[in-house]
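Each chain, letter by letter, is given below.
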Amino acid sequence: MQLLILIYHFSGASGVLPIYMHIRILVAMYLFQTGYGHFCFFWSKGDYGIVRFCQVQFRLNWLVIVLCLVMNRPYQFYYFVPLVSFWFILVYVTMSVWPRVSAKSVTENSSGYAWMVFKFIALVSLIVTIAISEVFFYKIFDWWPIKEVFITGDGKLYEWWFRWQLDRFIVPFGMLFAFIYITLKKYKKLDDTKDESLWSGCGALSLTFLGLCMVTSYTVFACLCPSKPDCNQTHSYISVLPVLGFILIRNVPGKLRARYSTFFAWFGKISLELFIGQYHIWLASDTKGTLVLIPNYPEVNLIVTSFIFLCTAHEICTLTVQLQAFFVPKDLKELFKRLSVLICLITVLAFFHKGFSV
């Protein structure tokens, strides 16, 4: 998925509406994995501590924060990182507020399932409320210092409003999907440990065909949609269909589920660094151009810049793991010391920035 997004940005294909809409689905798939993956962790581990929270936020944000300071860019310039950081916070809050529900707690008391459903309803209700009321949205985000995180270079929140609502239901859907999947496995209604189809006979064929229909339907919609604003507005409500369709196609047949590409898996491990690094290594002019190291030889230039780009992204990913162990120690006393210093530093920088903006 990340390679397709990189090619999309490199080729400047955003003006082709069907391509643009299919890239939107790839972004939705990443956000689906955000909801799915973090829900699975909190459900299985029951770990809602500050250490886990800081580890995820450091992994997502440290490179972007450094680039914002060095390159003088607003945080929203790297729009995907604020987006996944925000959704992680919502997942964390949803799972950590009382009553905390986990795999262990539902084993002891099955009423936890009902509480989890209630949490899903509350989360979706909050999202709908913010989405239908732009006034409520601005009351939440349009106050200092939170506003400084979400504004673009012109000091406005429109970009964040647009990005946030575009895939507003896909993360809760990822959480719900994980909840249903884990529950079905627990009660032995689903077994994906064998190299066989999840269901036998007509059931597997029907679900695979249904998945194909979902993906195809979205492709038809993307090709027939009259304008980008109309497509974006509808996308928010139907993006779950092609995502679910792909999941059915990929996982119902046993032969497809049991195999994966190690080549693409390698890119997946550094996908965050690839997304962030493209702005300054592969692309140029704030993503409106491409980096040229060897003029007049575009093919050679592409090979050289791509090699540098991939190596840099891999090294940054390795460095991130090492830095995370230092800046986010598991010892709470040491962690709070580092957080105190970080908060003081961010406060000083925020006041410094605000003073120059007035």
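The preceding data block contains the structure.
Residues numbered from 1 in each chain as written. Predicted model: local features only at pLDDT ≥ 70, side-chain atom pairs only at ≥ 80, totals over all residues. Heavy atoms only, no water.

In terms of helices and strands, the protein carries 18 helices and two strands. What you see for the protein is a C-alpha radius of gyration of 22 Å, in line with the 21 Å of a compact globule of 358 residues. Seen through its C-alpha atoms, the protein measures out along the principal axes to roughly 60 × 55 × 40 Å. Counting every position in the protein, which comprises 358 residues, the buried fraction comes to 42%. Expressed as a percentage of contacts within the protein between residues at least 6 apart in sequence, the contacts between residues at least 24 apart total 74%. Carbon and sulfur atoms form 69% of the exposed surface of the protein, whose accessible area is close to 19,700 Å². Treating the 30 positive side-chain charges of the protein as one cloud and the 19 negative ones as another, the clouds have centres 6 Å apart. (Helix = DSSP H or I, 4+ residues; strand = E, 2+ residues; numbered from the N terminus. Rg over C-alpha atoms; globule rule 2.2 N^0.38 Å. Buried < 20%, exposed > 50% of the residue type's maximum accessible area, 1.4 Å probe, protein only. Contact = heavy atoms within 4.5 Å. Areas by Shrake-Rupley, 256 points an atom, 1.4 Å probe, with all protein chains shown as cover. Lys, Arg positive; Asp, Glu negative; His and termini not counted. Charge placed at Lys NZ, Arg CZ, Asp CG, Glu CD.)

All right, on to the packing of aromatic side chains then. Across all of its chains, the model carries 52 aromatic pairs by this definition. Plain terms: the ring middles of phenylalanine 77 and tyrosine 279 are 5.1 Å apart, the flat faces sit at 55 degrees to each other, and that makes the pair tilted. Taken together, the residues span a long stretch of sequence, with phenylalanine 77 in the loop between α3 (50–71) and α4 (80–96) and tyrosine 279 in helix α16 (residues 271–282) at a distance of 202 residues. Look at phenylalanine 77 and you get buried, because its relative accessible area is 18%. When its relative accessible area of 8% is taken as the criterion, tyrosine 279 is described as buried. (Phe/Tyr/Trp six-rings, centres within 6.5 Å; stacked < 30°, edge-to-face > 60°.)

What follows concerns helix α10 (residues 170–186). Taking 1.5 Å of rise per residue, 17 residues should cover 24 Å, and α10 covers 24 Å from first to last C-alpha, within 8% of that figure. When we look at burial in α10, the residues that qualify are Ile170, Val171, Pro172, Phe173, Gly174, Met175, Ala178, Phe179 and Thr183. As for α10, its buried residues are in contact with α2 (17–45), α4, α6 (111–132) and α13 (240–251). Directly after α10, the chain includes lysine 188, whose backbone phi takes a positive value near 60 degrees. (Expected span 1.5 Å × (residues − 1).)

Counting residues in hydrophobic clusters, the biggest one holds 88 residues, and the most contacted among them are Leu31, Phe39, Trp43, Trp87, Met95 and Ile170. If near-sequence neighbours (up to four positions away) are discounted, phenylalanine 39 is found in contact with Val91, Met95, Met116, Phe120, Met175, Ala178, Phe179 and Ile182. (Core = buried A, V, L, I, M, F, W, Y, C linked by side-chain atoms within 4.5 Å.)

Right, let's get into the environment of isoleucine 130. Relative to the helices and strands, isoleucine 130 resides in helix α6. Residue isoleucine 130 is classed as buried on the basis of its relative accessible area of 7%. On a C-alpha basis, the gap between isoleucine 130 and phenylalanine 327 in space is 34 Å, while along the polypeptide they are 197 residues apart. Beyond its immediate chain neighbours, meaning those up to four positions away, isoleucine 130 contacts Phe136, Phe137, Ile140, Trp161 and Trp164.

Looking at where glutamine 76 falls in the secondary structure, it is placed in the loop between α3 and α4. Judged by its relative accessible area of 2%, glutamine 76 falls in the buried class. Not counting residues within four places of it along the chain, the set of residues in contact with glutamine 76 comprises Pro82, Val149, Phe150, Ile151, Thr152, Glu159, Trp160 and Arg163.

Enumeration according to the criterion identifies seven salt bridges in this entry. As a salt-bridge pair, arginine 24 and aspartate 167 come within 3.6 Å of each other at their nearest N and O atoms. Of this pair, arginine 24 sits in helix α2 while aspartate 167 is found in the loop between α9 (158–166) and α10, placing the two residues 143 residues apart along the sequence. Exposure remark for arginine 24: the relative accessible area of 5% places this residue in the buried category. By relative accessible area, aspartate 167 is classed as buried at 1%. (Salt bridge = Lys/Arg side-chain N within 4 Å of Asp/Glu carboxyl O.)

This part covers the packing of helix α1 (residues 2–11) against α2. In a packed pair of helices, the relevant descriptors are the angle between the two axes and the axis-to-axis distance. The geometry of α1 relative to α2 is characterised by a closest axis approach of 10 Å and an angle of 140 degrees between their N-to-C directions. Accordingly, the angle class assigned to the pair α1 and α2 is oblique. Remark: the crossing between α1 and α2 carries left-handed chirality. Of α2, the residues touching α1 (which contributes Gln2, Leu4, Ile5 and Tyr8) are Ile19, Tyr20, Ile23, Leu26, Val27 and Tyr30. (Axes fitted to C-alpha atoms, helices over the stretch in contact; angles between N-to-C directions. Parallel < 35°, antiparallel > 145°, perpendicular 65-115°, else oblique. Left-handed = near helix turned anticlockwise from the far one by under 90°.)

Treat this as a map of the structure, not an account of what it does.
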